[in-house]
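# Fold and geometry: a report
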Amino acid sequence: AKKNDTNLQSGLRLRVDQLAEQFGEAGNRFETASRKVLEQRKSLPAQEFESPGDAAEAGAGGGQQLEQALLEDTDIQDMLVTEKNQALRQMEAELGDLHAIFKDVATLVNAQQEGLDSIESAVNETSVRVATGTNELVKAKRNQARARKRMCCLVVTGSVVVIILVSWILGPLLHR
């Protein structure tokens, strides 16, 4: 039973270590991916986009319709850029939240590791105490058997002594 407990404990310990290692690797991959997204996000606003005024000045000689078409095209581009920036900001915020969640989970895993270590030491201590208790029970069984044998020997010896005494005392009385 002790060997099975030890095998079970070592198997559980190995599995916990593997899971902790996998969790750490996943956290590292997540952090790397988050940094890449943030770097891409930071580089986007640095790019220069054409403003509606620039587009209007370029088309001033081409007529009113061309100017109107360029303004509308520039407005659409500005709206797309604004929407893209908003989506990137939202993604950045969500990644920040996800990163915070990962940190919280890592903290919980560490706290649970301490609990698992405590349980493991309690199981080891219990295993040692059970083995000691089993040894004590075996000793007690042997001592009890010895005590019974001694008692039987004493009863037999006492009976023999009583019979001898009775025959010694009653022997002369019966021969008369």
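Being a predicted model, the structure only gives us computed values, none of them experimental. (Residues numbered from 1 in each chain as written. Predicted model: local features only at pLDDT ≥ 70, side-chain atom pairs only at ≥ 80, totals over all residues. Heavy atoms only, no water.)

### What about the overall build of the protein chain?
Per the secondary structure count, the protein chain includes three helices and zero strands. Overall, the protein chain shows an N-to-C arrangement of helices and strands of α-α-α. Counting all 176 residues of the protein chain, 9% fall into the buried class. Partitioning the contacts of the protein chain with sequence separation of at least 6, the portion at a separation of at least 24 is 77%. Put simply, the protein chain shows about 14300 Å² of open surface, and 61% of that area lies on carbon and sulfur atoms. (Helix = DSSP H or I, 4+ residues; strand = E, 2+ residues; numbered from the N terminus. Buried < 20%, exposed > 50% of the residue type's maximum accessible area, 1.4 Å probe, protein only. Contact = heavy atoms within 4.5 Å. Areas by Shrake-Rupley, 256 points an atom, 1.4 Å probe, with all protein chains shown as cover.)

### Comments concerning the state of the cysteines
Where two cysteines share a covalent bond between their sulfur atoms, that bond is called a disulfide. The full count for this structure, using the stated rule, is zero disulfides. C152 forms no disulfide, and the closest cysteine sulfur to it belongs to C153, at a distance of 7.1 Å. (Disulfide = S-S within 2.5 Å.)

### Here we look at a nonpolar patch on the surface
A contiguous nonpolar surface patch, about 910 Å² in accessible area, is contributed by V161, V162, L165, V166, W168, I169, L170, L173 and L174. Inspection of the secondary structure assignment puts V162 in helix α3 (residues 64-174). (Patch = residues over 30% accessible without salt bridge, like charges linked within 9 Å, V, L, I, M, F, W, Y side chains within 5 Å. Salt bridge = Lys/Arg side-chain N within 4 Å of Asp/Glu carboxyl O.)

### A few points about the confidence of the model for the protein chain
Across the protein chain, pLDDT averages 78, with 79% of residues at or above 70. The secondary structure element of the protein chain with the lowest average pLDDT is helix α2 (residues 52-58), at 47, and the one with the highest is α3, at 86. Here residues 46-62 is a poorly scored stretch, pLDDT under 50, and it has 16 contacts once near neighbours within four places are set aside; other chains count. (pLDDT = per-residue confidence, 0-100.)

### Quick word on a positive patch on the surface
On the surface, K139, R142, R146, K149 and R150 cluster together to form a positively charged patch. Here R146 shows up in helix α3. R146 gets classed as partly exposed once you look at its relative accessible area, which sits at 47%. (Lys, Arg positive; Asp, Glu negative; His and termini not counted. Charge placed at Lys NZ, Arg CZ, Asp CG, Glu CD.)

### Looking at the pattern of salt bridges
In total, this model carries one salt bridge according to the counting rule given. Where E125 meets R129, a salt bridge forms, and the shortest distance between an N and an O atom there is 2.7 Å. Taken together, the positions of E125 and R129, both in helix α3 and four residues apart, correspond to about one turn of that helix. Looking at E125, the relative accessible area reads 43%, which means it is partly exposed. Given a relative accessible area of 58%, R129 falls into the exposed group.

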